[in-house]
Structure formats: structure tokens, C-alpha cells
Amino acid sequence: MTRLRLRYYALLREQAGRGEETVETAAPDAAALYDELAARHHFSLSRSQLKVAVNAEFADWSRPLADGDEVVFIPPVAGG
Amino acid sequence: MTAFAFSREPLDPAALAAALADPAAGGFASFEGWVRDENEGRAVHRLDYEAFVELAEKEGERIVTEAAARFGVRGARCVHRLGELGLGELAVWVGVASGHRAEAFAACRYIIDEVKRRVPIWKKEHYADGDSGWVNCERCAGAVHGHDHGHALEPHHGRDQEPPAAFDYSRQQALPEVGAAGQRRLAAASVVVVGAGGLGCPVLAYLAGAGVGTLHVVDGDHVEASNLHRQPLFILADVGRPKAEAAAGRLAALNPQLRIEPHVARFDATNAAQLVALGDVIVDCSDNFRTKFLVNDAAVLAGKPAVLASVYQYEGQLQVARPDAGGSCLRCLWPDATRDGLVGNCAESGVLGPVPAVFGSLQAMEVLKLLLGLPGQLRDEVLLVDLLSLDQHRLRAPRCAECRDGRCARIGPLATQAPATPVEVSLPLVAATAQGYRIVDLREPQEAAREPIRGVDCIQWPLARLLDEGPARLDRETHYLLVCSRGIRSRAAAESLRAAGLERVFSLAGGLASQRAGRASSGSPP
């Protein structure tokens with residue numbers, strides 16, 4: 001199990017009902033982590049509509065996760 | 001009862017107001033113009049009003065009708081006196097009844113301003129010294145719409161005042177990195193600002209304040225009362241005016257030394273290249289993905305920096321595309337143009353005024369850093385700030401593999417971004433149904449519940465599901481009219497479904513808001 005710090009922005013923050021959380025997960029990579037969270041929080045956006053950043057760097061969904069990583073999910077926003 | 005009338009008899013404001021009584025009206029505003037005892041320094045003791053009645057009645061009627069349609073009010077009327085009036089007499093009365101006070105005030109203001117500007121009425125002033133003279137009321141309106149003149153009511157401004165002080169940059173020139181040389185660089189610079197909204201207002205105000213010599217303001221929208229909480233360049237009397245013009249007027253008044261160019265147009269594939277060519281830096285202050293990607297692409301193709309920001313409720317994102325310096329752009333992060341409507345815009349999701357103000361100020365700061373060559377410019381990064389938690393993240397967003405030598409393989413010619421056939425139609429939903437369109441309401445269930453579509457059958461199909469399942473499940477022969485609150489999501493969805501091969505999908509222009517305002521009047525049948 002890896003322990004991760006998560007941050008949500010915009011629509012994901014609304015749907016998760018929180019801006020951040022700490023989780024323990026068996027998900028090996030960012031994609032599996034998002035799928036796990038999407039099921040738990042009923043996220044409406046698919047992965048292809050989002051960006052993920054791990055430790056302050058935008059990352060591929062196949063990026064492996066390690067204990068202590070900070071993972072940020074970012075939907076695009078367009079308001080002005 | 002006509003909406004505009006002349007009267008040779010004294011007016012009775014109470015009776016006029018009572019005639020507009022309406023149980024559904026929650027607000028009533030009226031304006032009274034009185035005969036004043038002075039005009040341009042001369043004492044006046046009575047007035048004669050004359051009008052070219054046939055023409056004046058038609059024009060007056062047109063103005064009141066325009067105001068009713070533009071502001072969505074329930075009832076409006078204007079009555080103007082003719083003949084001889086003494087001091088203090090009521091010369092013109094405007095009354096507006098509407099659902100809420102904002103439209104009532106705005107429509108009332110619009111009617112009196114336009115009547116004074118457009119309706120052929122003359123007044124003969126009889127002065128205390130026995131002299132008299134004819135004055136065309138038109139000149140009272142002045143060059144600047146919204147300038148505050150009562151009808152022979154208020155003193156004229158500006159005649160005996162000192163010339164305005166020269167704009168003073170001393171507080172920023174005192175910074176060693178700016179100085180006189182920096183000020184000259186700013187004066188020589190030109191910046192194109194796309195969107196004069198929540199982001200655009202602070203960008204424009206601070207760049208004008210900083211003395212950026214030329215500002216191009218690009219916006220095809222009109223000021224709405226719902227803009228005012230976050231767009232401080234505008235005042236209530238601007239409601240209904242083109243935003244580019246209203247903003248340009250305000251900026252020119254702030255700093256007359258600058259060249260401010262309003263472009264009352266939507267930034268689109270047909271004008272993107274020409275508009276981008278006008279600036280050294282492009283600032284994206286738009287409120288939709290379609291425009292944001294177009295600004296990015298046009299800037300990259302022109303090799304110019306673009307400062308991009310977007311906000312959502314309490315948070316926002318800032319990025320600076322630097323094709324001129326081998327830096328990353330919006331496409332490095334989002335290779336495929338994101339579709340509008342996946343996440344809400346300000347109209348749909350709500351926004352607190354200071355949120356775009358913070359991000360617009362950050363954009364202005366990045367523009368000044370670029371123009372002045374200051375250190376710390378945001379590059380190959382995205383800044384995320386959550387203004388509720390005050391958390392911020394700077395995320396590395398390096399140049400993608402497709403960007404090479406200032407070109408990005410992901411960006412095609414701009415012209416390819418224009419849809420081949422118009423996707424927007426503008427007509428009442430009842431007429432659309434009669435013409436054979438199937439109405440698809442793609443708003444979220446809670447939005448649709450809050451404000452249901454009445455009077456026509458429609459399919460409820462929230463956007464994400466429609467985009468997902470629509471290509472497989474929609475009938476290729478049926479004409480679908482997609483509807484959302486403002487026409488942004490429906491347009492994006494229609495374009496997306498068109499791209500998936502569904503040729504007969506259309507979007508209701510302006511969304512349900514346009515139906516309420518009574519603007520949906522014409523449309524092409526399927």
C-alpha cells in the first residue's frame with residue numbers, strides 16, 4: 001500500500017466534496033488511482049478530460065506512484 | 001395606449017405609473033425631467049417644446065420597444081410634453097415595470113438617453129433677459145452615451161473647469177527596474193486583450209494605468225447586469241452597450257494619452273490572425289475553451305507570447321505560452337482542444353468577483369514582466385491558486401515533443417477551426433418544434449429542475465452523457481436542437497457531435513437566456 005496526498009481542483013473538488021485528502025491505495029499508477037477515486041467520489045469526468053500532476057510535475061497516467069507522492073488532479077477550466 | 005406619446009396637457013405621474021401596474025412586476029423605476037431655471041449660464045423662465053411629431057412618435061416607440069426587448073421588462077412607457085411649460089414643470093416622464101429592479105433602472109436610463117439622443121424634439125428657451133433661442137434637445141445627449149444630463153435639469157459640466165491633470169506614472173517609475181526607459185518601452189508597446197469580462201477588466205485597467213501605449217479590446221458581447229459584480233470597468237448604465245466600446249470609453253477617460261481600440265467582434269478563426277498581428281503580447285481573458293485554444297494557436301503561429309488565465313468558482317489557472325522563446329503552450333498541456341461545457345463557465349457554475357480580479361491582475365503582472373523584461377516570468381509552468389484555501393501550486397509543464405522551432409505540429413491552419421456550416425440557430429423553441437427540431441436539454445438535472453423548459457417536449461440528456469452516447473444513439477436523419485442556459489455548452493456539444501458525423505445537430509444561440517430576453521426571432525428551418 002502507498003500513502004498519497006491528493007489535491008482536487010474545480011469540478012473534482014465539488015464532486016469529492018473536499019479539496020484534499022490523504023489515501024492509502026494499492027493502485028500502481030495514476031490511472032488506476034483515478035479510476036479508484038472516480039468510483040468512490042462519482043467523478044463525472046473521464047481521464048482523457050483531465051490532467052494529473054505528481055510532485056508538482058505534469059505526468060502521464062502510466063506514471064507509477066510511490067509512498068509520500070503528492071498527486072494533483074486538474075480539470076480544464078474556462079471561466080473568465 | 002402607445003409606448004411613446006406626446007402630451008399638450010400637464011402630465012400626471014401617479015396616473016402614468018398606475019397604468020403600468022402589473023402583478024408580476026417586482027420593480028418600478030421612473031425618470032422625470034423638469035424645466036430648470038438655468039441653461040449654460042443663462043437664466044430661463046419658461047420653455048416651448050416642439051417636435052416633428054410623426055417621426056418623433058415612431059422613433060420614440062422604437063426606443064421603448066428596444067428597451068423592453070433588451071432588458072426583458074414587463075412594461076415601459078415614455079410621455080413627453082409639447083407646448084409651453086413653466087419652471088419646475090414636468091417635461092418628460094419615463095416609467096418601467098419589471099420583474100426586478102436592475103432591469104427597471106437600466107431600461108429607464110436607456111429610454112431617456114436614447115429619446116434625448118434620437119427623437120427630434122426642440123425646445124425654445126425664454127431667458128430672463130427677454131431673449132429666447134431654439135435648442136435641439138439632441139445636443140443634450142452629448143457624444144458619450146450614458147453621460148449624465150437631465151432634461152434642462154442639471155448644470156452643464158466642464159465649461160469652467162481646469163483642464164484635467166496629466167497622467168502621472170511616478171509611483172511605478174520610482175521602481176529601479178522601470179524608470180524612464182521602462183516607461184518608454186510600455187508607451188511603445190501594443191497589447192491585444194481578448195475578452196473584456198472578469199479577467200479582462202483588471203487586465204485592461206492595470207495596463208492602461210501602467211501606460212501601455214496601445215490597447216486592443218476584443219469582445220463581441222454586450223454588458224449585462226449580471227456582469228457588474230466582477231467587471232468594474234462597467235456601470236449599470238452601460239448595460240446593453242457593446243463591452244468593447246464601454247470598456248474603451250472608460251479606459252480612454254482614465255488615461256487619454258493612450259490609443260484604445262475597441263473591436264466589437266467575437267475572436268474567431270476569421271479574424272484571429274489579423275487581431276494577433278496587432279499586439280506584441282496577446283492576453284486571453286475569454287470565458288470558453290474554443291476561444292482560449294484559438295488565442296493560443298494564433299499566438300503560436302505568429303510567434304508571440306500569450307498570457308492565458310481561466311477561473312472556476314473560487315480558483316483559477318494561469319499559464320504563459322512562449323512560442324517566441326522556445327517555451328510551452330496550452331497545447332503542450334491539453335493536446336486536443338477541450339470541449340466547452342465539460343466543466344462549467346461563470347454563468348453556469350457561479351464565480352465570486354475577486355477570483356477573476358486576482359487572476360486578471362496576475363495576467364497584467366505577467367504582461368508587464370514581459371514588456372519590461374523583469375525576472376520571474378511564468379514559463380513552462382501552470383500556476384493554480386485556490387482562493388478559498390489560499391493554496392497554490394506551480395506545476396511544471398514543459399514543452400511537448402510536437403513543438404519545434406517555434407511551430408507546433410498539433411496546431412493546424414486557423415481556418416480549419418471554423419465550422420463548415422453554422423451550428424447555431426436562433427428561434428423560439430415553440431417554432432423550432434413546429435419546424436421539426438427535437439429539443440435536447442443538455443443541462444445538468446439540478447439546473448433543469450430549477451428552471452424547467454415549458455411548453456415544448458424535450459429530451460433530458462445531460463452533456464457528459466450526450467457526448468458519450470450521442471454519436472451511437474442519435475438518429476442521423478433527425479434534426480436536433482441542443483439547448484443549455486447560455487448557448488456555450490450546446491454550441492460546443494453540437495460541434496463535437498458534428499465532428500462525430502452527425503450533420504443535423506444544431507445549438508440554440510444564446511441558450512435559454514435568449515428566449516427569456518425575447519431575442520430569438522429568426523432562424524433557418526431544418
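Note that this is a predicted model, so its numbers are computed, not measured.

Visitor: So, the overall build of chain B: which residues are in play, and what are the values?
Guide: Tallying secondary structure elements over chain B gives 18 helices and 24 strands in all. Sequence separation of 24 or more characterises 71% of the internal contacts of chain B that already satisfy a separation of 6 or more. Of the roughly 23,200 Å² of accessible surface on chain B, 52% is carried by carbon and sulfur atoms.

Visitor: Lay out the interface of chain A and chain B with the relevant residues and their values.
Guide: How big an interface is tends to be reported as the loss of accessible area on association of its parts. Across the boundary between the two partners, chain A contributes 24 residues, which contact 37 residues of chain B. Between chain A and chain B the total buried area reaches about 2,600 Å² when both faces are included, carbon and sulfur atoms providing 60% of it. Our count for the chain A to chain B interface comes out at 3 salt bridges. Measuring nitrogen to oxygen at the nearest pair gives 2.8 Å for the salt bridge that ties E315 of chain B to R13 of chain A. Across the contact surface, chain A and chain B share 10 residue pairs in polar contact (both at pLDDT 80 or more). Listing elements by their share of the side of chain A that touches chain B, those giving two or more residues are helix 1 (10-16), strand 3 (51-54), strand 4 (57-59) and strand 5 (70-74) of chain A. The element that contributes the greatest number of residues to the side of chain A that touches chain B is helix 1 of chain A, accounting for 4 residues.

Visitor: Explain empty space enclosed by the protein to me, and be specific about the residues and the numbers.
Guide: Here the idea is plain: a probe the size of a water molecule rolls over the atoms and shows the empty space left. Residues and elements named next belong to chain B. This model, assessed by the stated rule, comprises 5 cavities of 30 Å³ or more. Volume-wise, the largest cavity comes out at about 160 Å³. Elements that contribute at least two residues to the lining of the largest cavity include exactly helix 10 (289-302), strand 14 (306-312), strand 15 (315-321) and helix 11 (330-333). Class assignment of the residues belonging to the lining of the largest cavity gives a composition of 10 nonpolar, 4 polar and 2 charged.

Visitor: Kindly report on the environment of I121 of chain B, identifying the contributing residues and their values.
Guide: Residue and element names in this part refer to chain B. Residue placement: I121 occurs in strand 8 (residues 121-127). The buried category is assigned to I121, whose relative accessible area is 2%. Taking the C-alpha atoms as reference points, I121 and F52, separated by 69 residues in sequence, lie 6.8 Å from one another.

Visitor: Could you give me a rundown of the sheet that holds strand 7 (residues 90-98) of chain B, with the residues and numbers involved?
Guide: All names here are of chain B. With mixed pairing, the 4 strands of this open sheet are ordered in space as 1-5-7-2. Since the sheet does not close on itself, it has two edges, and those belong to strand 1 (4-7) and strand 2 (27-34), each with one partner. Between one strand axis and the next, the sheet turns through 15 degrees on average, direction left out of account. Alignment of strand 1 against strand 5 (residues 75-81), held across 4 bridges, turns out to be parallel. Bridged to S7 within strand 5 is R81. Strands strand 1 and strand 5 of the sheet are contacted by helix 2 (residues 53-71), whose axis makes an angle of about 140 degrees with strand 1. Contacts from helix 3 (residues 101-118) reach strand 1, strand 2, strand 5 and strand 7 within the one sheet, and its direction differs from that of strand 7 by about 145 degrees.

Visitor: Go over the confidence of the model for chain B with me, naming the residues and quoting the values.
Guide: Residues and elements named next belong to chain B. Taken residue by residue, chain B gives an average pLDDT of 85. The fraction at 70 or more is 88%. Counting contacts from residues 138-161, a segment whose pLDDT is below 50, to residues more than four positions away or on other chains yields 47 contacts. Below a pLDDT of 50 lies the segment residues 519-526, which in the model reaches 21 contacts outside its immediate sequence neighbourhood of four places, other chains included.

Visitor: How would you summarise the pattern of salt bridges if you had to cite specific residues and measurements?
Guide: Going through the model one piece at a time under the given rule, you end up with 33 salt bridges over all chains. The shortest N-O distance in the salt bridge between E70 of chain A and R5 of chain A comes to 3.1 Å. Placement of the pair is E70 of chain A in strand 5 and R5 of chain A in strand 1 (residues 2-8), with a sequence separation of 65 residues. Judged by its relative accessible area of 46%, R5 of chain A falls in the partly exposed class. Here D35 of chain A ties to R47 of chain A by a salt bridge, and the two come within 2.8 Å at their closest N and O atoms. Taken as a pair, D35 of chain A in helix 2 (residues 30-41) and R47 of chain A in the loop between helix 2 and strand 3 lie far apart in primary sequence, 12 residues in all. In the salt-bridge network here, residues are joined through shared partners; they are R7 and E20 of chain A together with D386 and D391 of chain B.

Visitor: So what about the packing of helix 16 (residues 463-473) of chain B against helix 17 (residues 488-499) of chain B? Which residues, and what values?
Guide: Residues and elements named next belong to chain B. The contact between helix 16 and helix 17 brings their axes to 10 Å, and the two run at 15 degrees. By the criterion of interaxial angle, the relationship of helix 16 to helix 17 is roughly parallel. Two packed elements cross with a definite hand, and for helix 16 against helix 17 that hand is right-handed. Of helix 17, the residues touching helix 16 (which contributes L463, L466, L467, G470 and P471) are R489, A493, S496 and L497.

Visitor: Tell me about the sheet that holds strand 23 (residues 480-483) of chain B, and name the residues and values.
Guide: Residue and element names in this part refer to chain B. If you trace the 5 strands from one edge of the open sheet to the other, you get 20-24-23-21-22, paired in parallel fashion. Edge positions in the sheet fall to strand 20 (424-425) and strand 22 (458-460), since each of these pairs with one other strand and no more. Relative to strand 23, strand 21 (residues 438-441) is paired through 4 bridges, and the arrangement is parallel. Paired with R438 across the strands is Y480, a residue of strand 23. Contacting strand 20, strand 23 and strand 24 (505-508), helix 17 crosses the sheet at an angle of about 170 degrees to strand 24.

Visitor: Pulling in residues and values, what's your account of helix 3 of chain B?
Guide: When the terminal C-alpha atoms of helix 3 of chain B are compared, their 25 Å separation across 18 residues agrees well with the 26 Å that a helix rising 1.5 Å per residue should span. All buried positions along helix 3 of chain B are accounted for by A104, A106, A107, C108, Y110, I111, I112, D113, E114, V115 and K116 of chain B.

Visitor: Break down a nonpolar patch on the surface for me, with residues and values.
Guide: All names here are of chain B. Together, F52, L55, W122 and W134 make up an exposed nonpolar region whose accessible area comes to about 410 Å². Structurally, F52 can be placed in the loop between strand 4 (42-51) and helix 2. Residue classification places F52 among the partly exposed residues on the basis of a relative accessible area of 43%.

Visitor: Please set out the packing of aromatic side chains residue by residue, giving values where relevant.
Guide: The final tally for this structure, using the stated rule, is 11 aromatic pairs over all chains. Judged by centre distance (5.7 Å) and plane angle (65 degrees), the ring pair of F71 of chain B and Y110 of chain B falls under edge-to-face. Placement of the pair is F71 of chain B in helix 2 and Y110 of chain B in helix 3, with a sequence separation of 39 residues. On the basis of relative accessible area, F71 of chain B is assigned to the buried category, the value being 9%. Counting every residue linked through ring pairs, the aromatic cluster contains Y8, Y34, F43, W61 and F73 of chain A. Over the face of the ring belonging to Y9 of chain A we find R7 of chain A, whose NZ or CZ atom lies 5.1 Å from the ring centre.

Analysis parameters
- In every chain, residue numbers begin from 1 and rise along the written sequence.
- Ligands are numbered from 1 and chains lettered from A, in the order in which they are written.
- Only residues with pLDDT of 70 or above have their local features reported here, since the model is predicted, and side-chain atom pairs are shown and tallied only from 80 upward, although totals for entire chains, interfaces and linings are computed over all residues.
- Side-chain calculation: all heavy atoms of the structure are included, whereas hydrogens and water are not.
- The way it works is that DSSP assigns letters per residue, a run of H or I at least four long becomes a helix, a run of E at least two long becomes a strand, and they are numbered from the N terminus.
- Residue contacts are defined here by distance: any two heavy atoms, one from each residue, within 4.5 Å place the two residues in contact.
- Under the convention used here, a 1.4 Å probe and the Shrake-Rupley method define accessible areas, while residue burial counts only the protein chains that appear.
- Take the accessible area each of two parts loses on contact, using a 1.4 Å probe, and add the two losses: that sum is the buried area.
- Note on definitions: salt bridges are taken to be side-chain nitrogens of Lys or Arg within 4 Å of carboxyl oxygens of Asp or Glu.
- Distance and chemistry together define a polar contact, namely a pair of N or O atoms within 3.5 Å, with one atom able to donate a hydrogen and the other to accept it when in protein, and with adjacent residues in sequence counting only for side-chain atoms on both sides.
- Two kinds of site are reported from a 1 Å grid over the protein atoms alone, namely cavities, where a 1.4 Å probe fits but cannot get out, and pockets, open sets with protein on both sides within 12 Å along at least five of seven lines, and residues are called lining when an atom falls within 4 Å of a point.
- Grid points are joined across faces, edges and corners, and a volume is the space filled by probe spheres set on the points.
- For this classification, Asp, Glu, Lys and Arg are treated as charged, while Ala, Val, Leu, Ile, Met, Phe, Trp, Tyr, Cys and Pro are nonpolar and the rest, including Gly, are polar.
- Relative accessibility thresholds used throughout: buried, under 20% of the residue-type maximum; exposed, over 50%; partly exposed, between the two (1.4 Å probe, protein chains only).
- A strand pair is defined by DSSP finding two or more bridges across the two strands.
- Inter-axis angles, ranging from 0 to 180 degrees, are taken between N-to-C directions of lines fitted to C-alpha atoms, where helices are fitted over the stretch in contact.
- By definition, pLDDT measures how confident the predictor is in each residue, and it falls between 0 and 100.
- Orientation is classified from the angle alone, with under 35 degrees giving roughly parallel, over 145 giving roughly antiparallel, 65 to 115 giving roughly perpendicular, and any other angle giving oblique.
- Handedness of a crossing is defined here by the sense of rotation of the near helix relative to the far one, left-handed for an anticlockwise turn of less than a right angle and right-handed for a clockwise turn.
- Multiply 1.5 Å by the residue count of a helix minus one, and that product is the helix's expected span.
- The residues that make up patches have over 30% relative accessible area and no salt bridge, and they are joined within 9 Å when like-charged or within 5 Å when they are Val, Leu, Ile, Met, Phe, Trp or Tyr.
- Note on ring pairs: Phe, Tyr and Trp rings are taken, using the six-membered ring of Trp, and paired if centres are within 6.5 Å. Classes follow the plane angle, with under 30 degrees stacked, over 60 edge-to-face and the rest tilted.
- Geometrically, a lysine NZ or arginine CZ counts as sitting over a ring once it is within 6 Å of the ring centre and also within 35 degrees of the ring normal.

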